[in-house]
Amino acid sequence: MTIEEIQKEIIEEFSVYDDWMDKYAYLIELGNQLGPLDPKDKTDQNLIKGCQSRVWFVTEIKDGKIHFRGESDAVIVKGLVALLLRVVSGRTPEEIMKNDLHFIDDLGLKQHLSPTRSNGLLAMVKQIRLYAVAYNRIES
Amino acid sequence: MNYDIHKIRSYFPVLKQKVYNKPVIYFDNAASAQKPVQVLMQQERLHNDFYGNIHRASHYMADKATEEFEGVRDKVQQFIHAENREEIIFTKGTTESVNLVATSFGEQFLSPGSEIIVSEMEHHSNIVPWQIIALNKGAKVVKLPFSDSGELQTGLLPELINSKTKLIAVAHVSNVLGTINPVAQIIETAHQRDIPVFVDGAQAIQHIPVDVQALDADFYAFSAHKMYGPNGVGVLYGKKKWLEQMPPYQGGGEMISEVSFEKTTFSEIPFKFEAGTPNITGVIAFGAAIDLLQETGLENIAGWEQELLTYATRKLKEIPGMQIYGEAPHKSGVISFNIEGIHAFDLGTMIDKMGVALRTGHHCADPVMQRYNIQGTVRISFGMYNTIEEIDLFIKALNKVRLMFGQVAT
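Residues numbered from 1 in each chain as written. Chains lettered and ligands numbered in written order. Predicted model: local features only at pLDDT ≥ 70, side-chain atom pairs only at ≥ 80, totals over all residues. Heavy atoms only, no water.

Student: I'd like a rundown of the UniProt feature "domain: Aminotransferase class V" (unreviewed entry) in chain B, residues and numbers included.
Tutor: Within the UniProt annotation, "domain: Aminotransferase class V" (unreviewed entry) is assigned to residues 25-394 of chain B. Along residues 25-394 of chain B the backbone is 38% helical and 17% strand, and the end-to-end C-alpha distance reaches 8 Å. (UniProt positions renumbered as here; feature names shortened; annotations may be inferred. Helix = DSSP H or I, 4+ residues; strand = E, 2+ residues; numbered from the N terminus.)

Below, the structure is given as structure tokens:
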């Protein structure tokens, strides 16, 4: 599936919930399902410190594809991290660079990406792009 | 108690608002308070009836604006019981008031090796300006710690004070813990060694009566927006003897006596510290906020908010896994807490959707978070218009959030 197809799939999954509470309940479920990061990965170097919540974020390149792993101390943020990983992990730098990550906006969860929320998510999205650009440059 | 809550609520149109289709419950008063019609009308009136720059021109509208602006200075003087009207300086807010004193007092009185004692429970804005001036002057910021219950360990002061101590900076009320600090006692101890005390009154002035002369405070700072007034207006009270010795903070119009390229002489206080055109409309509208506080009576407001605090604390403690930070016997209407197993951010996100406005995070007080070894807290803070019914609705919402995070109902 392409990045765009997965984004569509997520939007469809959420479309069954018309109530915000069910939507968040699903997000919480996704957050709780996301496997924990290896404690050795939870270093200060991998930490994005927001003033509301923290996100740990690890990246690795294998066979030309970038693999991301992540976790947060807040469950809702963890749910959003899980969704992001599902969309971008295991993709080539080029795929990440040319695709717009619009699904969070479409789900009505855009507020979590606002700079004032400072939950670490916006910084994570920015870093995903930066890694893609950097790896792309190394490869070419 | 004769406290007409319905009348008070009727002054605040915003309280009738709905957010996400739910009536708003505003429990973020420590961050900023809502504005009453009196303040909103005053702002409008000024722009409709007369407007001009103050202190400068000699035309009718400017004179009228000057008169009202200076009238508010008198009002503030009387409100905090300052001895002289020149001791009231208008600033942008508490943060600017702290920066003014740190910069100007620091310039005059700090030298390499000097020490400033700052309490551990301060908001960043009563820490960082002191650190900046200390860095510039080769001085040192010394911490006055607080106990687990959130009380300043004032017993340590005699040990911390020495011949190098130049100033003590402390909050009257903590923005995270709600502790009402014994500032009168701290000031008395400091004055025995001739050390001035700067009091950050941002979280006190709207909740408890303040008398700067009775406290014998050397400096006392606060913001209008937390006392139901407009944003962008603050006050610095300073004893004349200090303000007169301090150099100007910023240069510009209004603060000078005579200017030439050879030599410039400065105005007298308070104008020496009020460079440039101030927030004229803001200051005048601020007068209406002070009127409302005085009409209602700070004792009455304090009594009402104490009832809210006691009731909310009792209700919160019924929740399993509840941890409240700050349980000093003298507390203002601020409660910081965490529920075991629920991250403050998650709680804040969900409860916002239920119409409850509260704050989560470190509340610009990292040292307090470090003291308890936590990342953040949930904080509710009351204002004059909050009610017991709102607390009940909040507790209901809180229990709904707990269910969403897999905790059992109480």
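Student: Could you give an account of the packing of helix H3 (residues 60-79) of chain B against helix H10 (residues 280-296) of chain B, naming the residues involved and the relevant values?
Tutor: All names here are of chain B. Running from N to C, H3 and H10 cross one another at 40°; their axes reach a closest spacing of 9 Å. As judged from the angle between their axes, H3 and H10 are oblique. Of the two possible hands of crossing, H3 and H10 adopt the one that is left-handed. On the side of H3, the interface is formed by Ala65, Glu68, Phe69, Val72, Lys75, Val76, Gln78 and Phe79, while H10 contributes Ile280, Val283, Ile284, Phe286, Gly287, Ile290, Asp291, Leu293 and Gln294. Residue composition of the contact of H3 with H10, grouped by class: 11 nonpolar, three polar and three charged. (Axes fitted to C-alpha atoms, helices over the stretch in contact; angles between N-to-C directions. Parallel < 35°, antiparallel > 145°, perpendicular 65-115°, else oblique. Left-handed = near helix turned anticlockwise from the far one by under 90°. Contact = heavy atoms within 4.5 Å. Nonpolar A, V, L, I, M, F, W, Y, C, P; charged D, E, K, R; others polar.)

Student: Talk me through the pattern of salt bridges; I want residue IDs and the actual numbers.
Tutor: Residues and elements named next belong to chain B. Inspection of every chain in the model, using the stated rule, returns 26 salt bridges over all chains. Between glutamate 68 and lysine 64 there is a salt bridge whose closest N-O contact spans 3.4 Å. In this pair, glutamate 68 and lysine 64 both sit in helix H3, four residues apart, roughly one turn of the helix. Under the relative-accessibility criterion, lysine 64 is labelled partly exposed at 25%. (Salt bridge = Lys/Arg side-chain N within 4 Å of Asp/Glu carboxyl O. Buried < 20%, exposed > 50% of the residue type's maximum accessible area, 1.4 Å probe, protein only.)

Student: Describe the sheet that holds strand S17 (residues 377-381) of chain B, and please don't skip the residues or the numbers.
Tutor: Residue and element names in this part refer to chain B. An order of S13-S14-S17-S16 is seen for the four strands of this open sheet, with the pairing classed as antiparallel. What marks the edges here is a single partner per strand, and that holds for strand S13 (322-325) and strand S16 (359-361). Sheet twist, expressed as the mean angle between neighbouring strand axes with direction ignored, is 30°. In this structure, S16 lies alongside S17, joined through three bridges in antiparallel fashion. For threonine 360, the partnering residue across the bridge sits in S17 and is valine 378. (Pairing = 2+ DSSP bridges.)

Student: Give me the confidence of the model for chain A: which residues, what numbers.
Tutor: Averaged over all residues, the pLDDT of chain A is 88; the fraction at 70 or higher stands at 95%. Predicted confidence in chain A is weakest over strand S1 (residues 47-49) of chain A, with a mean pLDDT of 82, and strongest over helix H1 (residues 3-15) of chain A, with 94. (pLDDT = per-residue confidence, 0-100.)

Student: Can you lay out the nonpolar core for me, pointing to particular residues and giving the numbers?
Tutor: Core analysis: the largest hydrophobic core is formed by 153 residues, its most contacted members being Met124(A), Tyr220(B), Phe286(B), Leu316(B), Phe337(B), Met384(B) and Phe394(B). The residues touching Phe286(B), leaving out its near neighbours within four places in the chain, are Val72(B), Val76(B), Phe90(B), Phe222(B), Ala224(B), Met227(B), Pro230(B), Val233(B) and Val235(B). In this structure, Val101(B), Ala139(B), Leu167(B) and Phe273(B) belong to the second largest nonpolar core, which totals 25 residues. (Core = buried A, V, L, I, M, F, W, Y, C linked by side-chain atoms within 4.5 Å.)

Student: How would you sum up the side chain of Asp28(B)? Please name residues and give values.
Tutor: Inspection of the secondary structure puts Asp28(B) in the loop between strand S3 (25-26) and helix H2 (37-49). Excluding residues that lie within four positions of it along the chain, Asp28(B) makes contacts with Ala357(B), Leu358(B), Arg359(B), Arg379(B) and Ser381(B).

Student: An account of the layout of surface pockets is requested, with residue identities and associated values reported.
Tutor: Residues and elements named next belong to chain B. In this model, the largest pocket occupies a volume close to 350 Å³. Lining the largest pocket are 24 residues, and of these Asn338, His343, Ala344, Gln375 and Gly376 sit closest to its centre. Going through the elements one at a time, S13, strand S14 (334-339), helix H12 (344-352) and S16 are the ones with two or more residues in the lining of the largest pocket. For the lining of the largest pocket, the residue count by class is seven nonpolar, 13 polar and four charged. (1 Å grid on protein atoms, 1.4 Å probe; cavity = no way out; pocket = protein on both sides within 12 Å on 5 of 7 lines; lining within 4 Å. Points joined across faces, edges and corners; volume = space filled by probe spheres on them.)

Student: Which residues make up the interface of chain B and chain A, and what values go with them?
Tutor: Counting residues at the interface gives 16 residues for chain B and 19 residues for chain A. When the two sides are added together, the surface that chain B and chain A hide from each other amounts to roughly 1,600 Å², 65% of it contributed by carbon and sulfur. For chain B, the biggest contributors to the area lost against chain A are Phe345(B), Lys353(B) and Met404(B); these three give 36% of the whole. Applying the counting criterion to the chain B and chain A interface returns zero salt bridges. Counting every contact that joins chain B to chain A gives five residue pairs in polar contact (both at pLDDT 80 or more). (Buried area = accessible area lost by both parts, 1.4 Å probe. Polar contact = N/O pair within 3.5 Å; in protein donor to acceptor, adjacent residues only side chain to side chain.)

Student: How would you sum up the pairing of strand S7 (residues 165-171) of chain B? Please name residues and give values.
Tutor: Along any regular strand, the residues point their side chains to alternate faces of the sheet. All names here are of chain B. Among the seven residues of S7, six are classified as buried, and the element is accordingly described as predominantly covered. Two elements, strand S5 (residues 115-119) and S7, share four bridges in a ladder whose sense is parallel. Bridge pairing in S7 places glutamate 115 opposite threonine 165. In terms of strand pairing, S7 meets strand S8 (residues 197-200) through four bridges, oriented parallel.

Student: Account for the environment of Phe27(B), with residues named and values stated.
Tutor: Residues and elements named next belong to chain B. On the secondary structure map, phenylalanine 27 appears in the loop between S3 and H2. Counting along the chain gives 114 residues from phenylalanine 27 to valine 141, while the straight-line C-alpha distance between them is 33 Å. Every residue in contact with phenylalanine 27, bar those within four places of it in the chain, is listed here: Ala357, Leu358, Arg379, Ile380, Ser381, Phe382, Asn386, Glu390, Ile391 and Phe394.

Student: Please give an account of the environment of Phe109(B) that cites residues and values.
Tutor: Residues and elements named next belong to chain B. On the secondary structure map, phenylalanine 109 appears in helix H4 (residues 94-109). We classify phenylalanine 109 as partly exposed; its relative accessible area is 22%. Between the C-alpha atoms of phenylalanine 109 and threonine 179, which are 70 residues apart in sequence, the distance is 30 Å. Other than its neighbours up to four places away in sequence, phenylalanine 109 contacts Ser114, Lys166, Trp242, Gln245 and Met246.

Student: Outline the sheet that holds strand S6 (residues 140-144) of chain B, supporting the account with residue identities and numerical values.
Tutor: All names here are of chain B. If you trace the seven strands from one edge of the open sheet to the other, you get S4-S10-S9-S8-S7-S5-S6, paired in mixed fashion. The two strands at the open ends of the sheet, each matched to only one other strand, are strand S4 (88-91) and S6. Across the sheet, the axes of successive neighbouring strands diverge by a mean angle of 20°, strand direction being ignored. With respect to the sheet, helix H7 (residues 183-192) is in contact with S7 and S8, its orientation differing from that of S7 by roughly 180°.

Student: Report on the packing of aromatic side chains, specifying residues and quantitative values.
Tutor: Scanning all chains against the criterion turns up 24 aromatic pairs over all chains. When the ring of Phe109(B) is compared with that of Trp242(B), the centres are 5.5 Å apart and the planes differ by 85°; the resulting orientation is edge-to-face. Residue Phe109(B) is found in helix H4, and its partner Trp242(B) is found in helix H9 (residues 240-243); the two are separated by 133 residues along the sequence. Pairing Tyr325(B) with Tyr372(B) gives two aromatic rings, centres 5.2 Å apart and planes at 55°, and the pair type is tilted. With Tyr325(B) in strand S13 and Tyr372(B) in helix H13 (residues 366-372), the pair connects residues that are 47 residues apart, well separated along the chain. Exposure remark for Tyr325(B): the relative accessible area of 8% places this residue in the buried category. Accessibility expressed as a relative area gives 18% for Tyr372(B), which makes it buried. Taken together, the ring pairs connect Phe105(B), Phe109(B), Trp130(B), Phe198(B), Phe219(B) and Trp242(B) into an aromatic cluster. Its guanidinium or amino end placed over the ring of Trp56(A), Lys42(A) lies 4.6 Å from that ring's centre, counting from NZ or CZ. (Phe/Tyr/Trp six-rings, centres within 6.5 Å; stacked < 30°, edge-to-face > 60°. Lys NZ or Arg CZ within 6 Å of the ring centre and 35° of its normal.)

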